[in-house]
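Notes for the structure review
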Amino acid sequence: MTLTELGAKRLEHVVSSEQFDRPLLDALFRRAASLEGVRDDRLAHRIMASLFYEPSTRTRLSFESAMLRLGGSVLGTEAAHTFSSAIKGETLEDTVRMVSTYADVIVLRHDQLGAAARAAAVSSVPVINAGDGPGEHPTQALLDLYTIQREIGHIEGVHVAFCGDLRFGRTARSLALLLAQYPGVRFAFVAPAVVQVGDDIRQRLDARSVPYLLTDTLRDVASDVDVVYQTRVQKERFSEAAEFEQARRAIRIDAALMRTLRESAVVMHPLPRVDEIAPEVDADPRAAYFRQAQNGVAIRMAVLEALLA
């Protein structure tokens with residue numbers, strides 16, 4: 001059954017996490033579960049254009065895998081700033097107008113906040129936001145939420161520690177907005193002040209009466225959370241190298257930190273990691289980040305089907 005047959009609203013574009021209400025999320029997750037391992041031709045003769053202005057491994061390849069598993073075709077570029085007419089000065093809007101005549105759906109990653117909304121405004125086909133600068137990454141948030149449901153067994157009432165660059169990190173921002181729809185959730189935002197979660201997210205959480213704590217040390221909350229959502233602390237955000245090193249150590253996950261987590265807790269990361277999770281953690285069954293990345297294929301299959309079927 002399609003999402004609309006399951007009672008969810010129809011999708012035209014995927015630009016923001018805030019497009020997804022609970023009925024749509026529930027339907028999407030049921031659809032993703034039913035699509036795991038599927039290979040058929042339901043999207044035969046459909047074409048997906050992957051238009052990536054920033055490098056990507058997981059997002060680009062999982063979208064392409066999802067489209068191919070559904071029988072569709074893929075075209076595009078991974079370095080559109082260099083290998084497209086953008087290098088000649090063509091605007092994003094003009095590029096999208098043209099690409100939408102060649103494909104049935106556009107998956108766009110861009111370094112500018114709001115780029116996906118600009119693209120959707122001029123495109124004649126659905127646009128999927130695969131990350132727009134420091135803005136959002138809605139399909140990453142969908143697969144993250146799906147992973148929490150699969151790993152923990154429920155979403156309502158979960159206590160999540162978000163770690164790393166929370167001011168500019170689009171993945172944590174998008175996931176927090178989705179989680180805020182579920183009753184009983186609690187958040188701990190673990191980051192140094194320079195990259196602590198911004199007022200825009202806090203105001204949305206306040207409006208929904210979602211409780212949250214601000215801290216700069218993961219050990220302060222590690223023993224009390226169900227999910228640690230780790231992200232990279234970006235060195236370029238710090239003016240002093242010593243401040244960066246202190247921040248990096250305060251949120252790094254290693255074997256010692258894992259011993260303070262609950263047995264039922266999980267560690268997630270949107271990847272790629274640098275050294276914020278020690279390799280020794282990979283063997284711990286609570287390390288869910290590679291399973292998390294794998295979940296991206298089924299979720300993106302469900303999104304593509306919802307837009308194109």
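Above this note sits the structure.
None of these values were measured; they are calculated from a predicted model.

Among the secondary structure elements, arginine 31 is positioned in helix H1 (residues 22-35). You can call arginine 31 buried: its relative accessible area is 11%. Along the primary structure arginine 31 and arginine 259 are separated by 228 residues, whereas in three dimensions their C-alpha atoms are 36 Å apart.

What follows concerns the side chain of threonine 231. Take threonine 231: it is sitting in the loop between strand S8 (227-230) and helix H8 (241-251). A polar atom in the side chain of threonine 231 sits 3.4 Å from the backbone nitrogen of aspartate 165. Excluding residues that lie within four positions of it along the chain, threonine 231 makes contacts with Cys163, Gly164, Asp165, Thr171, Ile251, His269, Pro270 and Glu276.

Next up on the list: the nonpolar core. Counting 65 residues, the largest nonpolar core has Phe162, Leu179 and Phe187 as its most contacted members. Dropping the residues within four chain positions of it, phenylalanine 187 is found in contact with His159, Val160, Phe162, Ala176, Leu179, Ala180, Leu205, Val210, Pro211, Tyr212 and Leu213. One finds Ala222, Val233, Ile253 and Ala278 within the second-largest nonpolar core, a separate group that totals 24 residues.

The rules behind the values
- Residues numbered from 1 in each chain as written.
- Predicted model: local features only at pLDDT ≥ 70, side-chain atom pairs only at ≥ 80, totals over all residues.
- Heavy atoms only, no water.
- Helix = DSSP H or I, 4+ residues; strand = E, 2+ residues; numbered from the N terminus.
- Buried < 20%, exposed > 50% of the residue type's maximum accessible area, 1.4 Å probe, protein only.
- Polar contact = N/O pair within 3.5 Å; in protein donor to acceptor, adjacent residues only side chain to side chain.
- Contact = heavy atoms within 4.5 Å.
- Core = buried A, V, L, I, M, F, W, Y, C linked by side-chain atoms within 4.5 Å.

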